[in-house]
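Close look at the chain arrangement
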Amino acid sequence: MSSALTDLFAYPIVQAPMAGGVSVPRLAAAVSEAGGLGFLAAGYKTADGMYQEIKHLRGLTGRPFGVNLFLPQPETADAAAVEVYAHQLAGEAAWYETELGDPDNGRDDGYDTKLAVLLDNPVPVVSFHFGVPSREVVDSLHRVGTFALVSATTADEARAVEQSGADAVIAQGAEAGGHQGTHRDNPETGGAGTGLLSLVAQVREAVSLPIVAAGGIMRGAQIAAVLAAGASAAQLGTAFLATPESGAHDLHKQALTNPLFVRTELTRAFSGRPARALANRFLREHGPYAPAAYPEVHHLTSPVRKAAAKTGDAQGMALWAGQGHRMARDLPAGELVEVLAAELASAGGTLARYTTGGGTR
């Protein structure tokens, strides 16, 4: 990775931007203060809500951080299939004494407005999910001093990222919790993906961009493994989801190591796009029938998921989690960064600049 980018953080540890209220300012600040790169998730927020969180974060730390944006999605959903799914979910809404959401409640996530805010009030790093920003967008970020990172789940997608002029590619393996960052949702693939180590190797041979490896990483030895495979840093989500600073619901945090939840699955049940979550009742009952319709299904199920959380029913929540969820540790985020860095050094996978506490530390 370019020295200018790695100088932003002392350890090759990036906290994944987890939308839905998980990646809050206090989490990002704790990670950045400890020598990692903290991230805010702008997905599902208004542009003003994003701006207020950036202001809050800047009040907590002077260290570099990032903000993640969702790319606008093409209109590919089958309206009839969405309507059928809505009828199937009617019982869920009745059970939780709420209404289903409006599936047509916007599909661009306020992308242009959020981008305008980030150009007027630059942050050190912006990452993109669900597609590739235009070359013009990347160039505009570079002009204000912002690094651009883009998710990819295949070598071909990584090539598209490189062509955009981005500074690094986030190689997201199939082990990752939450939404797969595929550039186009192809129902024919069934949400299948490539494991992280194989993906990093393929991306390394396909592009010359620096790689941030993401997917199922919970220990420093795993960070060492992806560095050895050709990555420049590792992005961890589920590991930070369990920390006290995370904005995740307590039931979500507890479920990561609760023996009732023994596995994860890729499912469209909650959002209409493949996303990895702990297998609960909602996922098992509705996953097989959920259409490929994002963000329509996300909007549709949102009130149900919120109502389930309010009533304390984890069986109706979207419990996003990576495959390593049982390895979650109840540690403060800053302490977790230090433990991961120590494990990385012990595994012999750390770079010289990290062993000496280089970068901004």
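Reading guide: rules and limits
- Residues numbered from 1 in each chain as written.
- Predicted model: local features only at pLDDT ≥ 70, side-chain atom pairs only at ≥ 80, totals over all residues.
- Heavy atoms only, no water.
- Helix = DSSP H or I, 4+ residues; strand = E, 2+ residues; numbered from the N terminus.
- Rg over C-alpha atoms; globule rule 2.2 N^0.38 Å.
- Buried < 20%, exposed > 50% of the residue type's maximum accessible area, 1.4 Å probe, protein only.
- Contact = heavy atoms within 4.5 Å.
- Lys, Arg positive; Asp, Glu negative; His and termini not counted.
- Charge placed at Lys NZ, Arg CZ, Asp CG, Glu CD.
- Phe/Tyr/Trp six-rings, centres within 6.5 Å; stacked < 30°, edge-to-face > 60°.
- Pairing = 2+ DSSP bridges.
- Salt bridge = Lys/Arg side-chain N within 4 Å of Asp/Glu carboxyl O.
- Right-handed = clockwise from strand over helix to strand, strands pointing away.

Per the secondary structure count, the chain includes 15 helices and 11 strands. Taken against the 2.2 N^0.38 rule, which gives 21 Å for 361 residues, the C-alpha radius of gyration of the chain at 19 Å falls within 12% of a compact globule. Along the first, second and third principal axes, the C-alpha set of the chain runs to 60 × 45 × 40 Å. Out of the 361 residues in the chain, the part that is buried amounts to 58%. For the chain, contacts bridging at least 24 residues in sequence account for 69% of all contacts bridging at least 6. Put simply, the chain has 27 plus and 36 minus side-chain charges, and the middle of one group is 5 Å from the middle of the other.

A separate point is the packing of aromatic side chains. For the structure shown, the criterion picks out 6 aromatic pairs. Centroid distance tyrosine 44 to phenylalanine 70: 5.3 Å. Interplanar angle 75°. Geometry classified as edge-to-face. Of the two residues, tyrosine 44 sits in the loop between strand 2 (38-41) and helix 3 (47-60) while phenylalanine 70 sits in strand 3 (residues 65-70), which places them 26 residues apart along the sequence. What makes tyrosine 44 partly exposed here is its relative accessible area of 32%. Taking the relative accessible area as the measure of exposure, phenylalanine 70 reaches 8% and is therefore buried. Measuring from centroid to centroid gives 4.8 Å for phenylalanine 70 and phenylalanine 130, while their planes differ by 45°, and the two rings are tilted. Within this pair, whereas phenylalanine 70 is found in strand 3, its partner phenylalanine 130 is found in the loop between strand 4 (125-129) and helix 6 (135-143), the two being separated by 60 residues in sequence. Each member of the aromatic cluster is reached from another via a ring pair, and the members are Tyr44, Phe70, Phe130 and Tyr294.

This part covers the sheet that holds strand 7 (residues 178-179). Two orientations exist for strands paired in a sheet by backbone hydrogen bonds: parallel and antiparallel. Ordered in space as 7-11-10, the 3 strands form an open sheet in which the pairing is antiparallel. The two strands at the open ends of the sheet, each matched to only one other strand, are strand 7 and strand 10 (264-267). The sheet contact formed by strand 10 and strand 11 (residues 275-278) spans 4 bridges and is antiparallel. For leucine 266, the partnering residue across the bridge sits in strand 11 and is arginine 276.

Taken as a whole, this structure holds 10 salt bridges when the rule is applied. Here glutamate 92 ties to arginine 281 by a salt bridge, and the two come within 2.7 Å at their closest N and O atoms. You can see glutamate 92 sitting in helix 4 (residues 79-95) and its partner arginine 281 sitting in helix 12 (residues 281-286), a full 189 residues away along the chain. Take glutamate 92: its relative accessible area is 6%, and that puts it in the buried class. In this structure, arginine 268 and aspartate 185 form a salt bridge, with 2.6 Å as the shortest nitrogen-oxygen distance. Placement of the pair is arginine 268 in the loop between strand 10 and strand 11 and aspartate 185 in the loop between strand 7 and helix 8 (196-206), with a sequence separation of 83 residues.

For the rest of this paragraph, the subject is the environment of alanine 321. The topology assignment puts alanine 321 in the loop between helix 13 (296-310) and helix 14 (333-346). Spatially, the C-alpha atom of alanine 321 lies 7.3 Å from that of alanine 176, the residues being 145 residues apart in sequence.

So, about the side chain of glutamate 157. Mapping glutamate 157 onto the fold places it in helix 7 (residues 155-163). Buried charged residue glutamate 157 carries no salt bridge. Nearest counter-charge: arginine 273, at 7.5 Å. With residues near it in sequence (within four places) discarded, glutamate 157 still touches Ala152, Gly181, Thr182, His183 and Arg184.

Residues three or four positions apart in an α-helix share a direction because the helix packs 3.6 residues into each turn. Here helix 2 (residues 25-33) lies mainly inside the structure; 7 of its 9 residues are buried. Among all positions in helix 2, only Pro25, Leu27, Ala28, Ala29, Ala30, Val31 and Ser32 are buried. Among the structural elements, strand 1 (13-15), strand 2, helix 3, strand 3, helix 10 (238-241) and helix 14 are those in contact with the buried residues of helix 2. The first or second residue beyond helix 2 is glycine 35, which carries a positive phi of 110°.

The topology assignment puts histidine 249 in the loop between helix 10 and helix 11 (250-255). With relative accessibility at 32%, the residue histidine 249 sits in the partly exposed group. Through-space distance from the C-alpha of histidine 249 to that of valine 22 is 8.2 Å; in sequence the pair is 227 residues apart. When sequence neighbours within four positions are dropped, the list of residues in contact with histidine 249 reads Ala309 and Met317.

Burial analysis of strand 4 places 5 of its 5 residues in the buried class, the great majority of the element. Bridging between strand 3 and strand 4 involves 5 bridges; their strand directions are parallel. Looking at strand 4, one finds that leucine 69 is bridged to phenylalanine 128. Once you follow strand 4 into helix 6 and on to strand 5 (residues 147-152), the crossover reads as right-handed.

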